[in-house]
Amino acid sequence: MTQALFFSPWRKLARRALTLAALLSAAPAFAAGLILGSKNFTEQHLLSDITTQYLGSKGYQVTQKADLATVILRNALENRQLDLVWDYTGTGLIIHHGIQKKMSNEEAYATVKKLDEPLGLIWLNPAPLNNTYALAMKRERAEAEGVRTLSDLARRVNENNGSSKRWQLGFDMEFAGRPDGLKPMQQLYGMELSRPQIRQMDPGLVYNAIRDGFVDAGLVYTTDGRVKGFDLVVLQDDMGYFPAYAATPVVRRDTLERNPGLADELNKLAALLDNDTMSELNAKVDIEHRPVKEVASEFLRQRGLI
């Protein structure tokens, strides 16, 4: 009896220790933390904050490194300074691997995934979100001119050349000057533009210039919230000039190995992000001027993710 009483506290402690061990073994084991990199525009800020809040609700500790240039972001990922990023298939092909060949969305994804795998960089499931380049016009102007495609645009531009109604087009300086930008697009569509017809400006100002009639058409990003907010019409790229830019979580292989459930969580998130959704989220930040963190949280709560 005395011996049983003597050992009973130790038995209780042992049972508690076993219970605690069972709970710990059932809980997911996370690495010390994840470092998430993002680029310097609204969509990337949103993707980064949505991911951080979502993974945080699952027990991950995520640190954000924002406003990184494309090349710096990539180098940091390769050099283990970042664990994961949201990147785009077109960027992977053209910028990271120097491939200019035209491909379908599926081909572009499969190619960049294969090329990056030996580098220890794993492209997870792409979101149904293609943030590619496009040319856009004010809706009422496009309807009045009968312009629905880039071929229609080229035809109207060429018809008005030499008259007082010469069309003006707005482009950011990078696209206007780079070898895979404006000039080869003009060649493919037979669009005749003289130097005074090409208005170069900050990318964000192109949307205002189209809306305010300063230019007749201009270069936009398909998921930018101002496309819908300013009632612009994205012209169909009927000859397939612009590459696919499917937003995709890219994660280091060693990071995935340390966090076995991470790929599933990111794939679940990616599946919910399409062009319409991203455009609405971008508009809340760029047009309604709401904080990125607030918009990200609202999206996750509406989808029942946090």
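Here, every reference points to the structure presented above.
This structure is a prediction, so every number in the text was calculated from the model and none was measured.

What counts, and where the lines are drawn
Numbering of residues begins from 1 in every chain and follows the order in which that chain's sequence is written. The predicted origin of the model limits local features to residues at a pLDDT of at least 70 and limits the giving and counting of side-chain atom pairs to 80 or more, whereas totals for whole chains, interfaces and linings rest on all residues. Hydrogen atoms and water are omitted, and side-chain values are computed over all heavy atoms in the structure. Axis angles are defined between N-to-C directions and span 0 to 180 degrees, where every axis is a line fitted to C-alpha atoms and, for a helix, only to the segment in contact. Per the convention used, a helix needs a DSSP run of H or I reaching at least four residues, while a strand needs a run of E reaching at least two, with both numbered from the N terminus. Note on terminology: angles under 35 degrees are roughly parallel, angles over 145 are roughly antiparallel, angles of 65 to 115 are roughly perpendicular, and the others are oblique. Helix crossings are classified by the rotation of the near helix relative to the far one: an anticlockwise turn of less than a right angle makes the crossing left-handed, while a clockwise turn makes it right-handed. Residue contacts are defined here by distance: any two heavy atoms, one from each residue, within 4.5 Å place the two residues in contact. Residues are sorted three ways: Asp, Glu, Lys and Arg are charged, Ala, Val, Leu, Ile, Met, Phe, Trp, Tyr, Cys and Pro are nonpolar, and all the rest, Gly among them, are polar. Strands are labelled as partners when DSSP assigns at least two bridges between them.

Asks: Would you mind showing me how to read the packing of helix 4 (residues 89–96) against helix 5 (residues 105–116) here?
Replies: A pair of packed helices can be characterised by two numbers: the angle between their axes and the separation between those axes. Two numbers describe how helix 4 lies on helix 5: the axes approach to 9 Å, and their chain directions differ by 55°. As far as their axial angle goes, helix 5 and helix 4 are oblique. Pair helix 4 / helix 5 crosses with left-handed handedness. Counted together, Thr-89, Gly-92 and Leu-93 of helix 4 and Ala-108, Tyr-109, Thr-111 and Val-112 of helix 5 form the full contact between these two elements. Considering only residue class, the contact of helix 4 with helix 5 consists of 4 nonpolar, 3 polar and no charged.

Asks: Any chance you could explain the sheet that holds strand 3 (residues 84–88) here in plain terms?
Replies: Strand order in the open sheet formed by 5 strands is 2-1-3-10-4, and the pairing between neighbours is mixed. Because the sheet does not close on itself, it has two edges, and the strands there are strand 2 (62–65) and strand 4 (121–123). The mean angle between the axes of side-by-side strands here comes to 30°, regardless of whether they run parallel or antiparallel. Across 3 bridges, strand 4 lies against strand 10 (residues 247–252) in antiparallel orientation. Paired with Trp-123 across the strands is Val-250, a residue of strand 10. Running at roughly 85° to strand 3, helix 4 makes contact with strand 3, strand 4 and strand 10 of the sheet.

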